[in-house]
There are 2 protein chains.
Amino acid sequence: MESLEALRQSVDEVDQSIIKLFAKRFSITDQVGRYKAQHGLPPKDTTREYEQLEHIRSLAAEHGVEPEVAGAYLRAMLDAVVARHEALQSDDN
Amino acid sequence: MESLEALRQSVDEVDQSIIKLFAKRFSITDQVGRYKAQHGLPPKDTTREYEQLEHIRSLAAEHGVEPEVAGAYLRAMLDAVVARHEALQSDDN
């Protein structure tokens, strides 16, 4: 069995990869925000959010991940994305 | 500029990769849980949790990610990990 220290090092490396994926995701949603600002679409799309939350919970269950973890991640992410989209729309006005 | 549909498809693909990393992270923390159960260590380590939360917020800031998103993710993750560790210790008793 690996030492506790080695296992924790692996966990920290995974967290680093996760943060990089968060950044990648924001780089795409920033493009979505610019698209919405240019096309006069609202920053928040409740239907899309609902579908995303349902989808990620189902993905989580498939991979043996607690749906609460996936839901908490995505809820915080969606709120931050909407705040960025709102800021982009203000920039355009 | 890419279509909204194409951008959303990319977002969904990133979310799928994120869930896979959550699963990978749990596979490592399950090993941590078994190590703790075998060595009589408590399921929750508040000092380690504090360090992890500080570390991920700083990583998030480096990558232009809102620290609230990183914090919400990790808080939910740590709670789920402790629940798994507690279950592993109960199995051993």
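Provided above is the structure to which this section pertains.
Summary of the structure given here.

Analysis parameters
- Residues numbered from 1 in each chain as written.
- Chains lettered and ligands numbered in written order.
- Predicted model: local features only at pLDDT ≥ 70, side-chain atom pairs only at ≥ 80, totals over all residues.
- Heavy atoms only, no water.
- Axes fitted to C-alpha atoms, helices over the stretch in contact; angles between N-to-C directions.
- Helix = DSSP H or I, 4+ residues; strand = E, 2+ residues; numbered from the N terminus.
- Parallel < 35°, antiparallel > 145°, perpendicular 65-115°, else oblique.
- Left-handed = near helix turned anticlockwise from the far one by under 90°.
- Least-squares fit on C-alpha atoms with pLDDT ≥ 70 in both.
- Contact = heavy atoms within 4.5 Å.
- Phe/Tyr/Trp six-rings, centres within 6.5 Å; stacked < 30°, edge-to-face > 60°.
- Buried < 20%, exposed > 50% of the residue type's maximum accessible area, 1.4 Å probe, protein only.
- Lys NZ or Arg CZ within 6 Å of the ring centre and 35° of its normal.

### A look at the packing of helix α1 (residues 4–38) of chain A against helix α1 (residues 4–39) of chain B
Okay, step 1: Where α1(A) meets α1(B), the axes come as close as 9 Å, and the angle between the chain directions of the two elements is 165 degrees. One element, α1(A), and the other, α1(B), form an angle in the roughly antiparallel class. Of the two elements, α1(A) crosses α1(B), and the hand of that crossing is left-handed.

### Let's talk about the relation of the copies chain A and chain B
Okay, step 1: With an RMSD of 0.0 Å, chain A superimposes on chain B once it is rotated by 180 degrees and translated 0.0 Å along the axis. Such a combination of turn and shift is consistent with a two-fold rotation axis. Closest approach to the rotation axis among the C-alpha atoms of chain A is made by A:Tyr73, whose C-alpha sits 2.3 Å away.
Okay, step 2: Most of the interface of chain A is mirrored in chain B, where 100% of its interface residues again form contacts.

### Overview of the packing of aromatic side chains
Okay, step 1: Tallying each qualifying case throughout the model produces four aromatic pairs over all chains.
Okay, step 2: Here the aromatic rings of A:Phe22 and B:Tyr73 are separated by 5.7 Å at their centres, their planes lie at 90 degrees, and the arrangement is edge-to-face. Here the residue A:Phe22 occupies a position in helix α1, and B:Tyr73 occupies one in helix α3 (residues 67–92), the pair thus bridging two chains. Comparing A:Phe22 with B:Tyr73 shows no difference in burial state: the two are buried.
Okay, step 3: Taken together, the ring pairs connect A:Phe22, A:Tyr73, B:Phe22 and B:Tyr73 into an aromatic cluster.
Okay, step 4: For the cation-ring pair, A:Arg84 lies above A:Phe26, with the distance from its terminal atom to the ring centre recorded as 3.9 Å.

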